[in-house]
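Here is how the chains run, residue by residue.
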Amino acid sequence: MAISVGRGRRGGFRDINITPLVDVMLVLLVVFMVTAPLLTTGLRIDLPEVKAASTPIKDARLLISITKEERVLFGEEDVTADIDEALKNSARVQKERELYIRADKDARYEIVAKVVAAARNSGVESLNLLVEPVIEDAPEEPTTNPKGAKAGAK
């Protein structure tokens, strides 16, 4: 009778255990499924304050004003009902292809967008949005008494 020595298992496993791999993949899938909707709805936009120089207006007839009551004035004329027609029939707008828009800060974006669309449809190439420039306060000078002593000193 012969005894075989060293015939045990040498090397490693014949099959790969994929259970831990599947567990990790399922956890990653759940994490991505939970965070994906949050990425698209979590966007917040803060618009900056405007610091701009005043823009000279060439002519009042090229100015459209939008009030907070959503009235649209082209020059001095109320054109709320027919903005497109007023811009298409204006010889000055058709000649210069330029327009200035001044909107109240409380006006809805929808009415401003309608005016911009009407201007583009009438052939305006240069649209200028007018804003109220923010004026920075100058630093105050220290006040002194006529005798040269600081103000407030006894």
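See the structure shown above.
Residues numbered from 1 in each chain as written. Predicted model: local features only at pLDDT ≥ 70, side-chain atom pairs only at ≥ 80, totals over all residues. Heavy atoms only, no water.

1. Details of the overall build of the protein
Phase 1: On a plain count of helices and strands, the protein comes out with four helices and five strands.
Phase 2: Put simply, the protein runs from its N terminus to its C terminus through helices and strands in the order α-β-β-β-α-α-β-α-β.
Phase 3: Scored against the burial criterion, the 154 residues of the protein give a buried share of 19%.
Phase 4: At a minimum sequence separation of 6, the contacts of the protein that also span at least 24 residues come to 65%.
Phase 5: For the protein, the accessible area works out to roughly 13400 Å², and carbon and sulfur atoms hold 57% of it. (Helix = DSSP H or I, 4+ residues; strand = E, 2+ residues; numbered from the N terminus. Buried < 20%, exposed > 50% of the residue type's maximum accessible area, 1.4 Å probe, protein only. Contact = heavy atoms within 4.5 Å. Areas by Shrake-Rupley, 256 points an atom, 1.4 Å probe, with all protein chains shown as cover.)

2. Points about the sheet that holds strand 5 (residues 126-130)
Phase 1: Pairing in this open sheet of five strands is mixed, and the strands run 3-2-1-4-5 from one edge to the other. Each edge of the sheet is formed by a strand with only one pairing partner; in this case those strands are strand 3 (77-78) and strand 5.
Phase 2: The pairing of strand 2 (residues 72-74) with strand 3 spans two bridges and is antiparallel. In the strand pairing of strand 3, Leu73 is matched with Asp78. (Pairing = 2+ DSSP bridges.)

3. Re the nonpolar core
Phase 1: In this structure, Ile64, Ile66, Leu87 and Leu99 are the most contacted members of the largest nonpolar core, which totals 22 residues.
Phase 2: Of all elements in the fold, only strand 1 (63-66), strand 2, helix 2 (83-89), strand 4 (98-103) and helix 4 (109-121) reach the threshold of two or more residues within this core.
Phase 3: At five residues, the largest contribution of residues to this core is made by helix 4.
Phase 4: Discounting chain neighbours no more than four positions away, the residues touching Leu99 are Leu62, Ile64, Phe74, Leu87, Val93, Ala119, Val124, Ser126, Leu127 and Asn128. (Core = buried A, V, L, I, M, F, W, Y, C linked by side-chain atoms within 4.5 Å.)

4. Some thoughts on a nonpolar patch on the surface
Phase 1: A contiguous nonpolar patch, built from Ile16, Ile18, Leu21, Val22, Val24, Met25, Leu26, Leu28, Leu29, Phe32 and Met33 and spanning about 1100 Å² of accessible area, is present on the exposed surface.
Phase 2: If you trace the backbone, Met33 turns up in helix 1 (residues 19-41). (Patch = residues over 30% accessible without salt bridge, like charges linked within 9 Å, V, L, I, M, F, W, Y side chains within 5 Å. Salt bridge = Lys/Arg side-chain N within 4 Å of Asp/Glu carboxyl O.)

5. Concerning the pairing of strand 4
Phase 1: Across four bridges, strand 1 lies against strand 4 in parallel orientation. Bridge pairing in strand 4 places Leu63 opposite Tyr100.
Phase 2: Taken together, strand 4, helix 4 and strand 5 constitute a β-α-β crossover, and its handedness is right-handed. (Right-handed = clockwise from strand over helix to strand, strands pointing away.)

6. Some thoughts on helix 4
Phase 1: The end-to-end C-alpha distance of helix 4 is 18 Å, a good match for the 18 Å that 13 residues give at a rise of 1.5 Å each.
Phase 2: What helix 4 keeps buried is the set Ile111, Val112, Val115, Ala118 and Ala119. With its buried residues spanning 125° around the axis, helix 4 presents them on a single face. Looking at helix 4, the residues exposed on the side facing more than 90 degrees away from the buried face are Tyr109 and Asn121.
Phase 3: Buried residues in helix 4 make contact with strand 1, strand 2, helix 2, strand 4 and strand 5.
Phase 4: Gly123 lies just past helix 4 and shows a positive phi near 100°. (Expected span 1.5 Å × (residues − 1). Arc of directions from axis to C-beta.)

7. A word on a negative patch on the surface
Phase 1: A cluster of acidic residues, Glu77, Asp82, Asp84 and Glu85, forms a negative patch on the protein surface.
Phase 2: Among the residues examined, Asp84 registers a relative accessible area of 35% and is labelled partly exposed. (Lys, Arg positive; Asp, Glu negative; His and termini not counted. Charge placed at Lys NZ, Arg CZ, Asp CG, Glu CD.)

That's the geometry; what it means functionally is another story.
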